[in-house]
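Analysis of the macromolecular model
Each chain, written out:
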Amino acid sequence: MPGGYTWGAMVTEFQGSREAENLRVGVIASRFNEFITARLLSGALEALRACGIPDKDIVVAWVPGALELPQAASRMAKGGGWDALVALGCVIRGETYHFNVVADCAAQGINAVARETGVPIAFGVLTVDNAEQAVARAGGALGNRGADTAEAAVQMANLFRELPPLP
Ligand code: INI
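My aim in this report is to walk through the structure given alongside it, one point at a time. (Residues numbered from 1 in each chain as written. Predicted model: local features only at pLDDT ≥ 70, side-chain atom pairs only at ≥ 80, totals over all residues. Heavy atoms only, no water.)

With respect to the sheet that holds strand β4 (residues 121-128)
Pairing in this open sheet of 4 strands is parallel, and the strands run β2-β1-β3-β4 from one edge to the other. What marks the edges here is a single partner per strand, and that holds for β2 (58-63) and β4. Going across the sheet, the axis of each strand differs from the next one's by a mean of 15 degrees, ignoring polarity. Of the strand pairs in this sheet, strand β1 (residues 25-30) and β2 are connected by 6 bridges, and their pairing is parallel. When the sheet's bridge partners are listed, Ile28 is paired in β2 with Ala61. In the packing of helix α3 (residues 98-117) onto the sheet, contacts are made with β3 (84-92) and β4, and the angle to β4 comes to roughly 170 degrees. (Pairing = 2+ DSSP bridges. Helix = DSSP H or I, 4+ residues; strand = E, 2+ residues; numbered from the N terminus. Axes fitted to C-alpha atoms, helices over the stretch in contact; angles between N-to-C directions. Contact = heavy atoms within 4.5 Å.)

Structure follows, in structure tokens:
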């Protein structure tokens, strides 16, 4: 039991494990701030391989910026063949409101596509004040959000497999 908790014997649990068996995962990466997103991608690929996914079952699609992530995610989810998608990007706060527009559109868009299509999409878009904060979260002192996001995608794909089928 994670964390040592015990539930009643009658409780059914679906764990959504991190071990991938026969999972196909699509990764969508933004070119904007590529010096960061390349590191997120590298972390994501490493994590997917560590979960047991061979390279032949991973596809990477590049989009211009975080704003295009939901569009590509929608296209890929509707095209079928993916157990989960991973969306990677980096939005760095500038002097204008544009930061909020791009960050909000990416987050809400990705969530909407996941709910609409039923394909789990993990959200790995950094929204940070400066490049230092981004570097720290892209393989630096604070870990790699790309890796965390890839693991989340595997867990969600496994959870959706474990849950009872839809009516
Ligand atoms: N795209 C990002 O991924 N990160 C940013 O920080 C960013 N800023 O700040 O502008 C950004 N803009 C581009 C946007 O995502 C689209 O690619 C562009 O507007 C074309 O549709």
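Quick word on the nonpolar core
Of all hydrophobic cores here, the largest spans 28 residues; its most connected members are Val27, Ile36, Leu48, Ile53, Leu88, Leu126 and Val154. When near neighbours in sequence (up to four residues on either side) are disregarded, Leu48 contacts Val25, Val27, Ile53, Ile58, Ala150 and Val154. One finds Val63, Ala72, Ala87 and Val91 within the second-largest nonpolar core, a separate group that totals 22 residues. (Core = buried A, V, L, I, M, F, W, Y, C linked by side-chain atoms within 4.5 Å. Buried < 20%, exposed > 50% of the residue type's maximum accessible area, 1.4 Å probe, protein only.)

Let's talk about α3
The end-to-end C-alpha separation of α3 is 28 Å, in line with the 28 Å expected for 20 residues at 1.5 Å each. Listed as buried for α3 are Phe99, Val102, Ala103, Ala106, Gly109, Ile110, Val113 and Ala114. Projected down its long axis, α3 shows its buried positions confined to an angular sector of 145 degrees, all on one face. Residues of α3 that are exposed and point more than 90 degrees away from the buried face comprise Gln108, Arg115 and Glu116. Two residues or fewer past α3, Gly118 is found with a positive phi of approximately 80 degrees. (Expected span 1.5 Å × (residues − 1). Arc of directions from axis to C-beta.)

Here we look at the packing of aromatic side chains
On inspection of all chains with the given rule, the structure shows 0 aromatic pairs. The ring of Trp82 has Arg24 lying over it, and the distance from NZ or CZ to the ring centre is 4.6 Å. (Phe/Tyr/Trp six-rings, centres within 6.5 Å; stacked < 30°, edge-to-face > 60°. Lys NZ or Arg CZ within 6 Å of the ring centre and 35° of its normal.)

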